[in-house]
Structure formats: structure tokens, C-alpha cells
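Chains, contacts and geometry: an overview
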Amino acid sequence: MDEQALLGLNPNADSDFRQRALAYFEQLKISPDAWQVCAEALAQRTYSDDHIKFFCFQVLEHQVKYKYSELTTVQQQLIRETLISWLQAQMLNPQPEKTFIRNKAAQVFALLFVTEYLTRWPKFFFDILSVVDLNPRGVDLYLRILMAIDSELVDRDVVHTSEEARRNTLIKDTMREQCIPNLVESWYQILQNYQYTNSEVTCQCLEVVGAYVSWIDLSLIANDRFINMLLGHMSIEVLREEACDCLFEIVNKGMDPVDKMKLVESLCQVLQSAGFFSIDQEEDVDFLARFSKLVNGMGQSLIVSWTKLIKNGDIKNAQEALQAIETKVALMLQLLIHEDDDISSNIIGFCYDYLHILKQLPVLSDQQKANVEAIMLAVMKKLTYDEEYNFENEGEDEAMFVEYRKQLKLLLDRLAQVSPELLLASVRRVFSSTLQNWQTTRFMEVEVAIRLLYMLAEALPVSHGAHFSGDVSKASALQDMMRTLVTSGVSSYQHTSVTLEFFETVVRYEKFFTVEPQHIPCVLMAFLDHRGLRHSSAKVRSRTAYLFSRFVKSLNKQMNPFIEDILNRIQDLLELSPPENGYQSLLSSDDQLFIYETAGVLIVNSEYPAERKQALMRNLLTPLMEKFKILLEKLMLAQDEERQASLADCLNHAVGFASRTSKAFSNKQTVKQCGCSEVYLDCLQTFLPALSCPLQKDILRSGVRTFLHRMIICLEEEVLPFIPSASEHMLKDCEGKDLQEFIPLINQITAKFKIQVSPFLQQMFMPLLHAIFEVLLRPAEENDQSAALEKQMLRRSYFAFLQTVTGSGMSEVIANQGAENVERVLVTVIQGAVEYPDPIAQKTCFIILSKLVELWGGKDGPVGFADFVYKHIVPACFLAPLKQTFDLADAQTVLALSECAVTLKTIHLKRGPECVQYLQQEYLPSLQVAPEIIQEFCQALQQPDAKVFKNYLKVFFQRAKP
């Protein structure tokens, strides 16, 4: 072996050596006999370096995984012998190999096993067991091999081909017949031998039992001698977590409901008598988390049994199952309320399913009602933040608590389905008592009280947030709580979690303010002062900006008296913060978008006359326009690239803010009706010069383009005079990405204004196409994926543009480009339909072709088009689906084929019998189609129902493809 290259395997080697080692590995993988060198090195223990040993196993692994079938019988025998002799050597080694080498060796054994077991090596396990016997080092490897085999055969995360899946099923069946009882016996011996002397091996063995129990005969494991031993392990500190997991796997195995019930009950009795149900005496939280998972598994298994028994009408046994479930509830509650969230989280599944049973029962007993209440109190308690939660810098622990809270929310929703009245009464009790004394209560209790009110909105669902009408007792309870929330002064609580919960809840129950509008001013003040948008925490300010815009939007009818006051108070929050003054504004530019939108909504939805609306909108937008002009001049002069980028960013924000204000307009309140057209036209005139700025083109063009999209919707035809010069600027020295983003703008204009923009489209049609073709024809590296993808997306955009033009009844735009250009365009559409394996583009091309045939394919169509139909369009309808890349099992491709069928139908519609004659006598015979199939094809084409032909066409091509 190349000793120099092997030096690079050491993690501390320098990068040149490492590169050389990688290259050497690739070389050995390709070499037909390099694996033999590695096999020999392992069998004869040539190297002592761990990384080299690992490397040798990697080469062997590659050989077994990808090239095994190429080996002769003798060579395959050599690999088997190498592994067995390596295993024998491990028995004598003074030191065991490193864990990563043992794991890799186990993987190679497992790969060889799945390849050979059914054919050449049926005695695989016997050979290994005869080598390892009860030697602890050998047992360790034997157990690792078993885990590796399990993951090859049953691991759900490994994606298997259908062939591999069939093979794996056959292996498992054969193992069950031939060797599983012996393997189980070996596990029992290992556990018995090592339970007190070698905890590592015992835990490994328990893990193996847990893994295999899911697919072997359960009676081999769920019997007295095994279960008693496992229960014994539950009392040994170093074994009990693995023993717990092993019992969980046994309980989880699918089986007959009555048998399952008996198994779980017998287990529970033993665990209970051994004192495991006394949770409060247990200190070890890691063990309790596993135990909680086991209890959860037992509870859910019993519930599955109950469900099956009810379904089968076996009422007697179902009653027994329900009784068994009820006896576990006290234990479930102890685990649910445990201060450790992992322990609590592991039992939530059982709790959730138990509530689902109660929901189905016609009437609840007093004990069941008490259980519901206990679960409710547990959920309320566990929703509470603890002292350690870090609100300023949320890390992994915080993220886990947020996830845990989501699980508790599901429980709360389920509680609401079982007993909505009880939930409402409990929340009201907690809420009222907490808010009475909020000044002297800890933040986490205040937060959770408001949070519970917030959660009721989803737990007790109504349509369109109508919580304050309908059911009187519910409406008045929620109304009372909301009144308390907004009048208690709790919005001043000095903790971000309480502040945020206050604003979230106010917005969630915005309908409350239509019932009691007198509270709106004090909530608005909370939003606008140091409690909200001017809070000391950036996180609170940011979230409040969004919530404020939602609050104002949902209550726009009630906002009229406060509009000018709000606009004055948010004036400083609307300032565009230029990059140079180093001033840190209160809100980020993303947050400011919400404030601009809110300002727009207030103005547009006000009851003011149009002149007043126009004046207010001008006040809002003029500072942006003035700043924009100054910043654009500065950008033109800026030398430093970093400064250019920050100026361009700022310019882009200005355009974005103006754009966002326009979201306030609607069909009822158009820009024209509000008298605001002139202001937005001024904005357009201010922003368009940025398109000719040679610096920071990408960011500036993108912003202005988005603004144009908005203005096409808002200003309608008033925007048209600006489009030609804007398009001209955007087409100057542009890249593929610019074109991709420019085409949707042209499509929007074409689809919206149709004939009005025909002259403009005719003028810019070829310049746009030249720009597209220029990018598409640029040479690119063969394996440059991103360039290939960019071209594919641009091609799609180009065809989408042609589809919009033809679909908007503007085919004359193409027809007036001169015969040579028209032909060039048509040829590109044919190419798109046939040559590029992109079903999305192919579908669009067939839509364009059928539209053109519909418009031009009749007797009075353009000269030469009928020839083009027969020479190019008809062949395209056959050549495209016949390509190997045209995959009829793919949904997008089937849609493309469907449009291909429409094209053929449209040709038949326009050309009549002449088309059938051409197919029958010329085209289909040229493809060597049999006469009876030609007959069948033409009959299907002439069917009046298009669907019949679509279905036929799919079958036609499925038959035609090899």
C-alpha cells in the first residue's frame, strides 16, 4: 500500500496529505484487486494505526456493497475467511479495538450477511457464535453485528429498493425458521452471564432484544424466564434504563388485543409490587424519563386494545381494558406533573389518548370527571416558564420548552373537547385570581394566566373569531376576562413575556373591541408608548409592530376618531434611517414595513373626503421621495463598494415602504377613488431613474420592479406611459436572473391590458427575445449545475411569456415580427416541446402550439402555417412522448401529454379530414406503425369526447416505448 498516502488518514495530517489519502481511497475503490491488499492487512494485522485499519474496512465495505457480484467464488470465500480470522484475532488481542473500528467491522459483516445468508452462508450465526463463545470481547462484536444486521433489514430510515425489501423479508422469514430460537438462547446466556459483571455488554444485549422483538415471535421473549430477568435488571442502576427500553419494545409489539391486555397487566402487577409506581421516592430523572416512556407505551397499548375490542363488539373484554386503563391514570398524572419536562413530555401521548376515550363515552363517572380536572390543573401548572428560561438569548433548552408547550396545547384542546365548561371555568378561576394581584405575582404566573386566555380562542373554536356572540355564558366569561385584561393595568408589567402575551391576546380577541369600543384608546396607547413600539426590548418592538398592524386592520371601522393622533405619534417611527448617521432606529426596516402598511390602512379606510386622504398620503410619501432623490445622487458618487451597498439597501427600503402603503387599497377603495393616483405617479417618477443607475443594479432593479407590479394593480392604465422606458432600462446589459424576474412583469401587463399594450409589445418583442436567446446561447461548463438550472428557468419564463401573448388574444404581436422572426420563434417552441427534458416547459409549449393552431390553423391563416403544422407540429406531438426522458409515470409529464393531446385534437378540428388523411397515409406509416394501430389511432382522434383521446394517447405511447 502507498505508505505516504496512508499518512494522510491521520486527522492531524496537513491538507496535502489528506487530499492524497482521499485520492488514494478513490483509486483503491476502482482498482479490481486493491481490496485483497486490505483484506490481507486486516487478517495479518499488518498495521497498528487505527485510521489505517478503519480505512481497510472502508475499502472492503465498498467492495461488498457495490462490486461483490463481480468477484469469483474463490475471492468471495477469501472475504468471508478474512472477516472470520479478524474476529478470531480479536479474542486474543490484549486491548479491544476502538469503538469506531468495531462498528465499521460490524457494518461490513452485516453487508456480507444480507448478500450471502440466503445462498452461500446459511451458517453465518453459527460460525460467528462458535468463534466468540462467551468471550466478552467476542460477545461485544457479535451484538454489534446483530444491531448492524437489524438496521440493514428493518431500519425505517434507510431507503430500500423494492428488490432489497423483498430480499429482506425473505431473510427475516428464513431467520425465523432457522436460527432465531438459537439467537434468543444466546441472548439469554449473555444476559445471565454478564448481568452483574459487565454492564456494557448487558446493556448492548438488552438493546438487541429490544430491536429484534418487533419482528420475531414474541413468546420467545415474553415468557417468565426472560421477563423475570428483565425485571431484575430494573433494580440494577447501570442496567435499568436499557431494561426499561427493552420492556417498552416488548409492550409496543402488535398483537391480539386480549393477549396484549394480559401481557401489560401482568407486567404492571410485577412493577407495582416491586415499588416502581412510587414516583416520589425516585431521584434519578434519566431513569424516570425512560420509565415514563414505558408507562406511556403500556397505556397506549391498552387504549389500542380497547379500541379494537369496541370495534369487534367484544364489550366484556373492552370493559376490562377500560378498567385496566383507569388504574394507570393516577400514575400517569404523577408523571405528567413531574417537574422534569422530559418525564412529563413522555407521558403526554397516553394522556391525550385517554381523553379521546372519555370524549367517546356517553357519560363520565365522578372519578373520570376528577381525572379530567386533574389533567387540566397539571397542564396549567406545566405551561409555566421556570426561573432559568433565558428570554434574551433563547438556546436549545428554551426551544425544547417551546416544543413541550405545543404538546401541552394539544392536551388543552383535547380537554376542551371533553369538557368545555370545565375548562372555561378553570381558566377563569386562575385568570381572575392572578390578575387581581398581578403587581405582587411572579412574571411566570401572570404570563401563564394570560396565555391560558389566549389558548381558549383555539380550544373553544368559533367561526370568524365570534367569541362574543352566541353562547351567552361563554361569551360573558370571555368578555369579563378581556375587560379585566385591558383595565387591570397588567400591560405595564415589567417582563417581556407578559407584555408580549398581553398584545398577542388583545389582537386574538379583537372582536371584543367591537362589543366594548370604550377600551380602544387605552390599548392604542399601550401599543404606541414604552409598553409596545417604544419598549426597551427590540424583540417586543418588532412583534408589536406586526400586531399593531393587525389590530388596526381588523378594527378599521372603529379607528376613525384616532387616525390623525396615531399618524402624529408614529411619525418618528416612519423615518428612513440613512446609513451614514449611525443612528440606531427603534425599528428594523422589516418592522417599519408594518408601520407603513398601518399608516396606509388608517388613511385609506378613514371616512375623510378624497382631498384629505390625498393630503395625508402625500405627507406620508413625500419624505420618502425626497430622501430617495438625495440618496440616489450620493450613490452615483460613492466610490467605496460597502457604502454603495448600504446606500442601495436604503433606497430599496424607501421603494419597499412606498410599495407597502399601497396594500391598503382594495376593489372598494381604489387609488382613484381615494384621490391618491397623483402621489403614486410622483413616486413612480422618483423611483424610475434608479433603473439607469449603473451601480448595485440587482438590488435597485428588484425593488423598482416590485413597485411596478404593485402600481400595475393599483394605478391601472395610468401606469402605461412609464412602462416603455422602464422596460428599456431593465433590458440593458441584463443577466439571466434579471430576465427571469422581468418577464412576469411583462406577462402581468399583457394579461391585464391586452390590446392596449399591443403597440408596445410589438416594439419590444424582438429586443426581449434577443436578450433571452443571448443568455441561453452562452457557453457554460458541462457540469455547471447552477448555470444549467438558470437556463432551464429562463427557458420556462420565455415560454410562459409566449403563452401569455398567445393566450391574451395578441397573436398579431408575433405575426407582425416578419416571416423570418416568426419562424424562428415557432422553431424554438417546437424545440421546447421536443428537445428539452423539462415537462413543465413542454406542457407550456404544447399549450402555445394548440393556441396558434386554433388562431392560425384554419383556411384563412397566415401563408405557410398549414405546412408548418404538418412538417413540425404534428411530428412534435409524437417525437416528444417517444423520447426516453419522457416519463409517463411522472405527474408533470402526464400533464404535458394531456396538452399534446389537445394540440392534436385542435389540428384535427381546424384541418378536418385532411389531417386524418395525412396521419393515415404519410406520417404514421413513416414511423413504422402497424396499419391496424393507425386505424385505431385515427378513430380515437375523431371521437368527440377529448378525454377518450387523452386516455388513448397515454396507452398508445406506453405500448410504443420499449
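All values reported here derive from a predicted model rather than from experimental measurement.

**Looking at the overall build of the protein**
Helices and strands together make up the secondary structure of the protein, namely 46 helices and zero strands. Dimensions along the principal axes, computed over C-alpha positions, put the protein at roughly 90 × 85 × 65 Å. When each of the 962 residues of the protein is scored for burial, the buried share is 52%. Sequence-distant contacts in the protein: of pairs separated by 6 or more residues, those separated by 24 or more amount to 72%. Here the protein has roughly 44,300 Å² of accessible surface; of this, 51% comes from carbon and sulfur atoms.

**Some remarks on the packing of aromatic side chains**
Here the structure, examined in full by the defined rule, presents 52 aromatic pairs. Arranged with centres 5.2 Å apart and planes meeting at 90°, the rings of Phe 124 and Phe 125 form a pair that is edge-to-face. Phe 125 matches Phe 124 in its accessibility class, with the two residues each being buried. Taken together, the ring pairs in this structure connect Phe 468, Phe 502, Phe 503, Tyr 509, Phe 512, Phe 513, Phe 527, Phe 548 and Phe 551 into an aromatic cluster. Lying over the aromatic face of Tyr 352, Arg 414 brings its terminal NZ or CZ to 3.9 Å of the ring centre. For the cation-ring pair, Arg 795 lies above Tyr 836, with the distance from its terminal atom to the ring centre recorded as 3.8 Å.

**Some details on the nonpolar core**
Formed by 346 residues in total, the largest nonpolar core has its most connected members in Met 175, Trp 187, Phe 291 and Phe 878. In this view, Phe 291 contacts Met 234, Cys 244, Phe 276, Phe 277, Ile 279 and Leu 331; residues no more than four positions away in its chain are not counted.

**Some words on the packing of helix 23 (residues 443-459) against helix 24 (residues 472-487)**
Between helix 23 and helix 24, the least distance of the axes is 12 Å, while the angle of their chain directions is 140°. Classified by the angle their axes make, helix 23 and helix 24 are oblique. Considering only the axes of helix 23 and helix 24, their crossing is left-handed. From helix 23, Ile 450, Leu 453 and Leu 456 reach across to helix 24, where they touch Leu 478, Met 481, Met 482 and Leu 485. Of the residues in the contact of helix 23 with helix 24, the class split is seven nonpolar, no polar and no charged.

**Considering helix 9 (residues 162-178)**
Relative to the 24 Å expected for 17 residues at 1.5 Å per residue, helix 9 spans 24 Å between its end C-alpha atoms, a close match to the ideal helical length. For helix 9, every residue scored as buried is listed here: Asn 168, Ile 171, Lys 172, Thr 174 and Met 175. Buried residues along helix 9 cover an arc of 165° about the axis, so they all sit on one side. What points out from helix 9, more than 90 degrees from its buried face, is the exposed set Ser 162, Arg 166 and Glu 177. Packed against the buried residues of helix 9 are helix 6 (99-116), helix 7 (124-132), helix 8 (136-154), helix 10 (180-194) and helix 11 (199-212).

**A closer look at the packing of helix 42 (residues 865-882) against helix 44 (residues 913-926)**
Two packed helices can be described by the angle between their axes and the distance between those axes. Two elements in contact, helix 42 and helix 44, have axes separated by 12 Å at closest approach and are oriented at 70°. Relative to helix 44, the element helix 42 is oriented roughly perpendicular. Classified by chirality, the crossing of helix 44 by helix 42 is right-handed. When helix 42 is examined against helix 44, the residues Tyr 870, Val 874, Pro 875, Phe 878 and Leu 879 are found in contact with a partner set consisting of Glu 914, Cys 915, Tyr 918, Leu 919, Tyr 923 and Leu 924. For the contact of helix 42 with helix 44, the class distribution of residues is ten nonpolar, no polar and one charged.

**A look at the state of the cysteines**
Scanning the entire structure with this criterion turns up zero disulfides. Cys 56 takes part in no disulfide bond, and the closest cysteine sulfur to it belongs to Cys 38, at a distance of 4.2 Å. With relative accessibility at 1%, the residue Cys 56 sits in the buried group.

**Things to note about the domain arrangement of the protein**
Domain boundaries assigned for the protein yield domain 1 (260-385 + 397-418), domain 2 (421-529) and domain 3 (818-961). Domain 1 and domain 2 are separated by 31 Å when their C-alpha centres are compared. Counting each side, the surface lost to burial between domain 1 and domain 2 is near 1,400 Å², with a carbon and sulfur contribution of 76%. Summed over the three residues of domain 1 that lose the most area to domain 2, namely Met 380, Tyr 385 and Leu 412, the buried surface amounts to 35% of that side.

**Let's talk about helix 27 (residues 520-528)**
Of the residues making up helix 27, those classed as buried are Ile 520, Val 523, Leu 524, Ala 526, Phe 527 and Leu 528. Lining the buried residues of helix 27 we find helix 24, helix 25 (496-508), helix 26 (512-515), helix 28 (538-554) and helix 29 (563-569).

**Considering the side chain of Gln 204**
Here Gln 204 is to be found in helix 11. The buried category is assigned to Gln 204, whose relative accessible area is 13%. Polar side-chain contacts of Gln 204 include one of 3.4 Å to the side chain of Asp 140. With residues near it in sequence (within four places) discarded, Gln 204 still touches Asp 140, Leu 143 and Arg 144.

**Focus: the side chain of Gln 748**
Inspection of the secondary structure puts Gln 748 in helix 36 (residues 736-753). Residues within four places of Gln 748 in sequence aside, it is in contact with His 709, Ile 712 and Ile 713.

**Topic: unusual backbone geometry**
The backbone of Gln 696 shows a phi angle near 50°, a positive value even though the residue is not glycine. Considering the arrangement of structural elements, one finds Gln 696 in the loop between helix 33 (677-687) and helix 34 (697-715). For Gln 928, which is not a glycine, the phi torsion comes out positive at approximately 60°. Mapped onto the secondary structure, Gln 928 falls in the loop between helix 44 and helix 45 (931-941).

**Some points on the pattern of salt bridges**
Under the definition given, this model contains 49 salt bridges. A salt bridge links Arg 166 to Glu 163, with the nearest nitrogen and oxygen atoms 2.7 Å apart. One end of the pair is Arg 166 and the other is Glu 163, both in helix 9 and three residues apart, which spans about a single turn. For the salt bridge of Arg 778 with Glu 774, the shortest nitrogen-to-oxygen distance reads 3.0 Å.

Reading the values: the criteria
- Residues numbered from 1 in each chain as written.
- Predicted model: local features only at pLDDT ≥ 70, side-chain atom pairs only at ≥ 80, totals over all residues.
- Heavy atoms only, no water.
- Helix = DSSP H or I, 4+ residues; strand = E, 2+ residues; numbered from the N terminus.
- Buried < 20%, exposed > 50% of the residue type's maximum accessible area, 1.4 Å probe, protein only.
- Contact = heavy atoms within 4.5 Å.
- Areas by Shrake-Rupley, 256 points an atom, 1.4 Å probe, with all protein chains shown as cover.
- Phe/Tyr/Trp six-rings, centres within 6.5 Å; stacked < 30°, edge-to-face > 60°.
- Lys NZ or Arg CZ within 6 Å of the ring centre and 35° of its normal.
- Core = buried A, V, L, I, M, F, W, Y, C linked by side-chain atoms within 4.5 Å.
- Axes fitted to C-alpha atoms, helices over the stretch in contact; angles between N-to-C directions.
- Parallel < 35°, antiparallel > 145°, perpendicular 65-115°, else oblique.
- Left-handed = near helix turned anticlockwise from the far one by under 90°.
- Nonpolar A, V, L, I, M, F, W, Y, C, P; charged D, E, K, R; others polar.
- Expected span 1.5 Å × (residues − 1).
- Arc of directions from axis to C-beta.
- Disulfide = S-S within 2.5 Å.
- Domains from an automatic or database assignment.
- Buried area = accessible area lost by both parts, 1.4 Å probe.
- Polar contact = N/O pair within 3.5 Å; in protein donor to acceptor, adjacent residues only side chain to side chain.
- Salt bridge = Lys/Arg side-chain N within 4 Å of Asp/Glu carboxyl O.

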